[in-house]
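Descriptive structure summary
Listed below are the residues making up each chain.
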Amino acid sequence: MRERHVTLLDGEKVFIRPLTAADAALYPDFLAEVTANDLRLRFFAPMRQVSPDLIDKLIHYDPDKAMAFIAVAEATGRMLGVVRLHDDTDGKTAEFAILLRTRLKGHGLGWLMMKHMIANAKDKGLEIIRGQVLTENTTMLQMCQELGFHVSDDPLERGVKVVALPLAEVPAEAMA
Ligand SMILES: CC(C)(COP(=O)(O)OP(=O)(O)OC[C@H]1O[C@@H](n2cnc3c(N)ncnc32)[C@H](O)[C@@H]1OP(=O)(O)O)[C@@H](O)C(=O)NCCC(=O)NCCS
């Protein structure tokens, strides 16, 4: 469950597994192929590049309070994407974020990584997964809706939607 071999819509074979500290070495090559616009959609702020300090923070998460999964190309070992989920202090709700290598967008990897993260969250006993998505990010909003997330306006931030998935509404077979 923590690891999974998948095949993308174009036939590319990908291994999804927990992110480890050693994966810091894969980040520069990955981020070199993520556009500034995709970084903005992920971090909500203009960002020309991700600083080594931020990479260090992203890599060193507390496994009791967070989970993160990396997707690597089986043929080359290159990093293709990352999804993460950080528990809120209540221990019931957790917040996700996802980022893919830009050329991989639209190949089905985002969907597979979201499903992997949701299945692991359900396994952990979390109750609700939520996230913030920019209103302009229609691909992400549509994907969230198809995955069963409820979408609403963020009451605190203009131009931002809140997506929330009560895990009790997700049938176990939907995660296969
Ligand atoms: C948003 C993001 C994660 C989406 O991932 P993606 O790999 O491009 O999306 P996918 O190809 O998996 O899915 C998108 C489409 O396929 C559908 N889809 C993919 N696999 C599917 C499957 N197995 N079954 C049903 N539907 C599927 C999705 O619903 C959607 O439909 P569409 O192509 O007809 O529009 C990715 O584009 C990204 O990293 N963007 C930049 C950063 C970002 O926006 N992060 C989110 C911040 S909240």
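In this text, all values refer to a predicted model and were calculated from it rather than measured experimentally. (Residues numbered from 1 in each chain as written. Predicted model: local features only at pLDDT ≥ 70, side-chain atom pairs only at ≥ 80, totals over all residues. Heavy atoms only, no water.)

1. What to know about the side chain of D154
Heads up, the condition is: Comment: elements are numbered from the N terminus, with helices defined as DSSP H or I runs of at least four residues and strands as E runs of at least two. Summary of the burial criterion: residues with accessible area below 20% of their type's maximum are buried, those above 50% are exposed, and those between are partly exposed, where the area comes from a 1.4 Å probe applied to protein chains only. The charge count includes Lys and Arg as positive and Asp and Glu as negative, but it does not include His or the ends of the chains. What makes a salt bridge here is a side-chain nitrogen of Lys or Arg within 4 Å of a carboxyl oxygen of Asp or Glu, nothing more. Any N or O atom pair separated by 3.5 Å or less is treated as a polar contact, with the protein-specific requirement of one donor-capable and one acceptor-capable atom, and with residues adjacent in sequence counted only for side-chain atom pairs. We call two residues in contact when some of their heavy atoms are within 4.5 Å.
Mapping D154 onto the fold places it in the loop between β7 (150–153) and β8 (160–166). Of the buried charged residues, D154 lacks a salt bridge, with R130 as the closest side chain of opposite charge at 7.1 Å. Reaching out from D154, the side chain makes a polar contact with the side chain of Q132 at a distance of 2.6 Å. Among the polar contacts listed, one links the side chain of D154 to the backbone nitrogen of E157, at a separation of 3.3 Å. When residues no more than four places from it in sequence are discounted, the contact partners of D154 are Q132, V160, K161 and V162.

2. Quick look at the site of the ligand
Counted only if it meets this: If a single non-hydrogen atom of a residue is within 4 Å of a molecule or strand, that residue counts as near it. For every accessible area listed, the method is Shrake-Rupley and the probe measures 1.4 Å; residues are considered covered only by the protein chains on display. For this classification, Asp, Glu, Lys and Arg are treated as charged, while Ala, Val, Leu, Ile, Met, Phe, Trp, Tyr, Cys and Pro are nonpolar and the rest, including Gly, are polar.
Residues in close proximity to the ligand total 19 residues, the closest being G106, G108, G110, N137 and E146. A distance of 3.4 Å is found between an oxygen atom of the ligand and a backbone nitrogen or oxygen belonging to H107. In this structure, G108 approaches the ligand through a main-chain N or O atom, which is 2.8 Å from an oxygen atom. Taken by itself the ligand offers 940 Å² of open surface, and the protein chains cover 76% of this. Elements with a contribution of two residues or more to the shell around the ligand: α2 (36–43), β5 (93–100), α4 (109–124), β6 (128–134) and α5 (138–146). The dominant element in the shell around the ligand, judged by the number of residues it contributes, is α5, at four residues. Tallied by class, residues from the shell around the ligand come to nine nonpolar, seven polar and three charged.

3. Some thoughts on the side chain of N120
Take N120: it is sitting in helix α4. Relative accessible area serves as the criterion here: at 4%, N120 is assigned to the buried category. Engagement of the side chain of N120 in a polar contact is seen with the backbone oxygen of H116, the distance being 2.9 Å. In this structure, N120 is in contact with M1, R2, M67 and F69, ignoring residues within four places of it in sequence.

4. Structural notes on the nonpolar core
To keep things clear, this is the line we draw: Nonpolar cores are built from buried Ala, Val, Leu, Ile, Met, Phe, Trp, Tyr and Cys residues. Side-chain atoms within 4.5 Å join them into one set.
By size, the foremost hydrophobic cluster in this structure holds 36 residues, and its most contacted members are L85, F96, L109, M114, I118, I129 and F149. Contributions of two or more residues to this core are made by β2 (13–18), β3 (66–73), β4 (79–87), β5, α4, β6, α5 and β8. The contacts of F96, once residues within four sequence positions are left out, are R84, L85, M114, M117, I129, R130, G131, M140, C144, F149 and V163. F30, I55, V72 and V82 belong to the second largest nonpolar core, which has 19 residues in total.

5. Digging into the packing of aromatic side chains
Put simply, the rule is: Aromatic pairs are defined between Phe, Tyr and Trp rings, using the six-membered ring for Trp, whenever the two ring centres lie within 6.5 Å; interplanar angles under 30 degrees are classed as stacked, those over 60 as edge-to-face, and all others as tilted. Placement of a positive charge over a ring is assigned whenever Lys NZ or Arg CZ falls within 6 Å of the ring centre and within 35 degrees of the normal to the ring plane.
Tallied over the entire structure, the rule returns two aromatic pairs. Considering the side-chain rings of Y27 and F30, the 6.1 Å spacing of their centres and the 85° angle between planes classify their relative orientation as edge-to-face. Within this pair, Y27 and its partner F30 are both found in helix α1 (residues 27–31), separated by three residues, close to a single helical turn. Judged on exposure class, the residue Y27 and its partner F30 are both buried. Stacked on the ring of F43, the Lys or Arg R42 has its end atom at 4.1 Å from the ring centre.

6. A look at the sheet that holds strand β1 (residues 4–7)
Applied cut-off: DSSP-based pairing: two strands are paired if at least 2 bridges between them are found. Under this scheme, a helix contributes an axis fitted over its contacting stretch, all axes are lines through C-alpha atoms, and angles between N-to-C directions fall in the 0 to 180 degree range.
Read from one edge of the open sheet, eight strands run β1-β2-β3-β4-β5-β6-β8-β7, paired in mixed fashion. Two strands lie at the open edges of the sheet, namely β1 and β7, each paired on one side alone. Strand after strand, the sheet turns through a mean of 25° between neighbouring axes, direction not considered. Set on the sheet, α4 makes contact with β1, β2, β3, β4, β5, β6 and β8; between it and β3 the angle comes to about 145°.

7. Section: the pairing of β3
Within β3, eight of the eight residues are buried, leaving the element largely enclosed by the surrounding structure. Burial along β3 is two-sided: the residues A66, A68, I70 and V72 and M67, F69, A71 and A73 are all buried. In this sheet, β3 lies alongside β2 in antiparallel orientation, the contact comprising five bridges. When the sheet's bridge partners are listed, P18 is paired in β3 with F69. In sequence, β3 turns back onto β4 through a hairpin of five residues, with G77 there showing a positive phi of about 80°.

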